[in-house]
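Structural overview
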Amino acid sequence: MNIPEVASLVAAYADELIDVRRDIHAHPELGFQEFRTTGLVFDRLAKAGLEPRRLHSGTGLWCDIGTGRRTVVLRADLDALPMIDSCGRPWASTHEGATHACGHDVHTTGLLGAALALADLHERTPLPGRVRLIFQPAEEKMPGGALKVLGEGLLDDVTRAYGLHCDPHTDVGHIGSRVGAITAAADHVSVTLTGHGGHTSRPHLTEDVIFALAAVVTGVPAALSRRLDPRSGASMVWGRINAGVAMNAIPSAGEVAGTFRCLDSQVWTVASAVITETIHSIVQPYGVKAEVSYQRGVPPTVNDAEAVAIAEASIKAELGAEALQLTPQSLGGEDFAWILEKVPGAMVRLGTRTPGGTTFDLHRPDFDVDERAVTIAATFLAATAVRDLFGA
């Protein structure tokens, strides 16, 4: 099988793919609301002679190319973030309060391009198996729309799965990869403390919620550094704290909320119990009552060594050996992790920064990409599926 042939097949759709990416960026939709985006992709796949099917969740779709017992999944996510778009481009969001600030428009368009190329390839050289395209809703909603995909049995007969994510810290034309955990588990933790408030001149007559909150904020991360394996990359970071309205009054209630993240699946399984126990132990001396809400989000995304080898071979073949980079681990959460808990596979990081240009970080209102990344994404995904199926 001539693997480099895939690039020329994708190149034939380059202009169309850029137009599609801009269309999707201009019309972003939040998780489980991606009706227009789902319809756009569905119609283009059908026009190419494929048979897409919508997910039962109402948004998202999947489509097989080829037949056979061996099935390789290529996955992209459809949803946008609830943010204002300030990219300043002509194709900026036309939907107030929503924007593709995480690059899912690139992921979706890249997978669409891979689908069109694979459909053309299959007509001339039948694939020795199936490529299953999954356009998934609601990646940004914990615990993630990938669970809907699993619930519909779309991973039950799958050999391996591949995905990618935009990386604005890497120049376009480069792709980052690594074996093992590439992203972290990500959970939400909130703590509500209640007690008898009172005058700040008489704290001994109160149950000081403010003082107890401060103890939680500093004490939980400190305790976890001794309760959890430090090799796990465990991180407890608070992002919100609310309590009180007057400087001379101790309130009767207060809240602190944040995220717990780690790179180790075993540590993730025990974190909830350890953190909850630690919080209750910390506040006990202050007489306050603690209500702990611990929402498990997503597990670590753990790349399989064999899948990484196939992905890296595709990168070298399509872009050259110098395009492959060892990517650092991230404490960001990614619901592709649920898929990789079901089947072996790999996620890579797609360079989107113009060389010498600005780094537009993820989840920023001004997020922008070098659009050459779109066809690179399509080529990588298609070539990786072909290499996996043909064993090249």
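Provided above is the structure to which this section pertains.
Residues numbered from 1 in each chain as written. Predicted model: local features only at pLDDT ≥ 70, side-chain atom pairs only at ≥ 80, totals over all residues. Heavy atoms only, no water.

1. Topic: the environment of L155
Looking at the element boundaries, L155 is found in the loop between α5 (146-151) and β5 (160-171). Separated by 23 residues in the primary sequence, L155 and R132 place their C-alpha atoms 9.4 Å from one another. (Helix = DSSP H or I, 4+ residues; strand = E, 2+ residues; numbered from the N terminus.)

2. Some remarks on the packing of aromatic side chains
In total, this model carries two aromatic pairs according to the counting rule given. If you follow R54 out to its NZ or CZ, it ends over the ring of F42, 4.2 Å from the centre. The ring centre of W268 lies 3.6 Å from the NZ or CZ of R296, which sits over that ring. (Phe/Tyr/Trp six-rings, centres within 6.5 Å; stacked < 30°, edge-to-face > 60°. Lys NZ or Arg CZ within 6 Å of the ring centre and 35° of its normal.)

3. Remarks on the sheet that holds strand β13 (residues 289-298)
The sheet built from four strands is open, its strands ordered β10-β12-β8-β13 with antiparallel pairing. Of all the strands in the sheet, just β10 (235-243) and β13 have a single pairing partner and so form its edges. Between one strand axis and the next, the sheet turns through 15° on average, direction left out of account. In this structure, strand β8 (residues 185-194) lies alongside strand β12 (residues 253-262), joined through 10 bridges in antiparallel fashion. Pairing of V191 across the sheet is with V256, part of β12. Most of the contacts of helix α6 (residues 209-227) go to β10, to which it runs at about 175°, and overall it touches β8, β10 and β12. Against the sheet, helix α7 (residues 265-283) makes contact with β8, β10, β12 and β13, and its axis sits at roughly 165° relative to β13, the strand it touches most. (Pairing = 2+ DSSP bridges. Axes fitted to C-alpha atoms, helices over the stretch in contact; angles between N-to-C directions. Contact = heavy atoms within 4.5 Å.)

4. Describing the pairing of β8
Of all 10 residues in β8, seven are buried; the element is thus mostly enclosed. Of the strand pairs in this sheet, β8 and β13 are connected by eight bridges, and their pairing is antiparallel. Bridge pairing links V191 to V292 in β13. (Buried < 20%, exposed > 50% of the residue type's maximum accessible area, 1.4 Å probe, protein only.)

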